[in-house]
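Overview (structure and organization)
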Amino acid sequence: MSTVTFASDPQDAQAVEAVEAHHAQLAGELGGRVTLLIDAVDRDPASAEDIRAGLVTFCERELVPHALAEESALYPAAHGTVEARLLIDGMLAEHRRITDLVDALRTAPSPARAASDARALQVLFEEHLDKENELVLPLIAASPDISLAELLGGMHELLGGHAHTDSEAEGEKSGGCGGGCGCGGSDEADVPELDARAVPHALRHATVFGALDVVAPGRAMVLVAPHDPLPLLSQIEARDPGAFQVEYVERGPEAWRLLFTRR
């Protein structure tokens, strides 16, 4: 997701940035949910069904509408160019595969099978977004005959608009999420863990948001961060005020471990 895109005008350049930011949000939230589903299969199979149901709902409300919006707004313009025709045919085929995996996730006969389908969906979706960022968007944005900004308009499914990004939190110094010790007596050995150190920086905050979204009231999640995540805590509090109590389990120097308990 680090490809430099040359756009034919400033509005197209802004449109590219908006789409890429929304891609990062979608990929991050999907990754967070999938990580907790896989972890639940190992640690707490009883909670896996609720996590799976939430993941299916997220896919139906976010991923699939995003794919359909691409097919109506972006892909026809790119398909009209000789150099992108075969690429777009392949992208459309991947949309069908994404939809098939969402259906498989919905009807999975066991938590283990659901986790397998979810991981396959995550890998395919991330690869799909990379192609869009590195191939489709640059081709459209660089074309003087196509206005990417006009194609997108105000489409929520492509441009997002509700995501919190890392840059929004720059300079924020205070933590959030209720503060203090709120572990509620949870046994950390039975609590799912998200190691954000392994997540690409562009996806990190969205991944945490996606994981926290599936934590049920009275349940907890451990976050492992590469630094004291004060800006992230402020974002979580702004996103869902008072929803979590937070306890620092470990404070560096190699890792910061925080226990989030949903009230």
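None of these values were measured; they are calculated from a predicted model.

It is worth spelling out the overall build of the protein at this point. A count of helices and strands for the protein gives nine helices and four strands. Each helix and strand of the protein, placed in order from N terminus to C terminus, yields the pattern α-α-α-α-α-α-α-β-α-β-α-β-β. Within the protein, buried positions represent 47% of all 263 residues. Within the protein, counting contacts between residues at least 6 apart in sequence, those at least 24 apart form 76% of the total. Surface summary for the protein: the accessible area is close to 12000 Å², and the carbon and sulfur share equals 53%.

Our focus in this paragraph is the packing of helix α1 (residues 10-43) against helix α2 (residues 45-73). Helix packing geometry: the angle between the two helix axes and the distance between the axes. Following both chains from N to C, one finds α1 and α2 inclined at 160 degrees, their axes separated by 9 Å at the closest point. Relative to α2, the element α1 is oriented roughly antiparallel. Here α1 runs over α2; the crossing is left-handed. A breakdown of the residues in the contact of α1 with α2 according to their chemical character gives 14 nonpolar, five polar and six charged.

What follows covers helix α8 (residues 201-213). The terminal C-alpha atoms of α8 lie 19 Å apart, and with 13 residues this matches the ideal 18 Å at 1.5 Å per residue to within 8%. For α8, a buried count of 10 out of 13 residues is recorded, marking the element as mostly surrounded by other parts of the structure. Those residues of α8 lying buried are L203, R204, H205, A206, T207, V208, F209, G210, A211 and L212. Next to the buried residues of α8 lie α1, β1 (193-195), β2 (220-225), α9 (230-239), β3 (244-251) and β4 (256-262).

What follows deals with the sheet that holds β1. Taken in spatial order, the four strands of this open sheet run β1-β2-β4-β3, and their pairing is mixed. The sheet is open, and its two borders are formed by β1 and β3, each paired with just one other strand. Between one strand axis and the next, the sheet turns by 20 degrees as a mean value, whatever way the strands run. Relative to β4, β3 runs antiparallel, the two being bridged by seven bridges. In the sheet register, Q245 faces β4, and the bridge partner there is T261.

Describing an aromatic ring pair means giving the distance of the ring centres and the angle of the ring planes. Within this structure, the stated rule accounts for one aromatic pair. An angle of 85 degrees between the planes, with centres 6.0 Å apart, marks the rings of F244 and F260 as edge-to-face. Residue F244 is located in strand β3, and its partner F260 is located in strand β4; the two are separated by 16 residues in the primary sequence. We note that F244, like F260, is buried. R251 extends its terminal NZ or CZ atom over the ring of Y248, reaching a point 3.7 Å from the ring centre.

What follows is about the nonpolar core. In this structure, L30, L37, L55, M221, L223, I236 and F260 are the most contacted members of the largest nonpolar core, which totals 48 residues. Here this core takes eight residues from α1, the largest share from any one element. Leaving out residues up to four positions away in the same chain, M221 has contacts with L36, V191, P192, L194, A211, L212, V215, L258, L259 and F260. Judged by nonpolar contacts, the second largest core, of 17 residues, contains Y75, I140, A141 and I146.

Let us look at the environment of S47. Summarising the element assignment, S47 is placed in helix α2. Separated by 172 residues in the primary sequence, S47 and R219 have C-alpha atoms spaced 9.8 Å apart.

Criteria and thresholds
Residues numbered from 1 in each chain as written. Predicted model: local features only at pLDDT ≥ 70, side-chain atom pairs only at ≥ 80, totals over all residues. Heavy atoms only, no water. Helix = DSSP H or I, 4+ residues; strand = E, 2+ residues; numbered from the N terminus. Buried < 20%, exposed > 50% of the residue type's maximum accessible area, 1.4 Å probe, protein only. Contact = heavy atoms within 4.5 Å. Areas by Shrake-Rupley, 256 points an atom, 1.4 Å probe, with all protein chains shown as cover. Axes fitted to C-alpha atoms, helices over the stretch in contact; angles between N-to-C directions. Parallel < 35°, antiparallel > 145°, perpendicular 65-115°, else oblique. Left-handed = near helix turned anticlockwise from the far one by under 90°. Nonpolar A, V, L, I, M, F, W, Y, C, P; charged D, E, K, R; others polar. Expected span 1.5 Å × (residues − 1). Pairing = 2+ DSSP bridges. Phe/Tyr/Trp six-rings, centres within 6.5 Å; stacked < 30°, edge-to-face > 60°. Lys NZ or Arg CZ within 6 Å of the ring centre and 35° of its normal. Core = buried A, V, L, I, M, F, W, Y, C linked by side-chain atoms within 4.5 Å.

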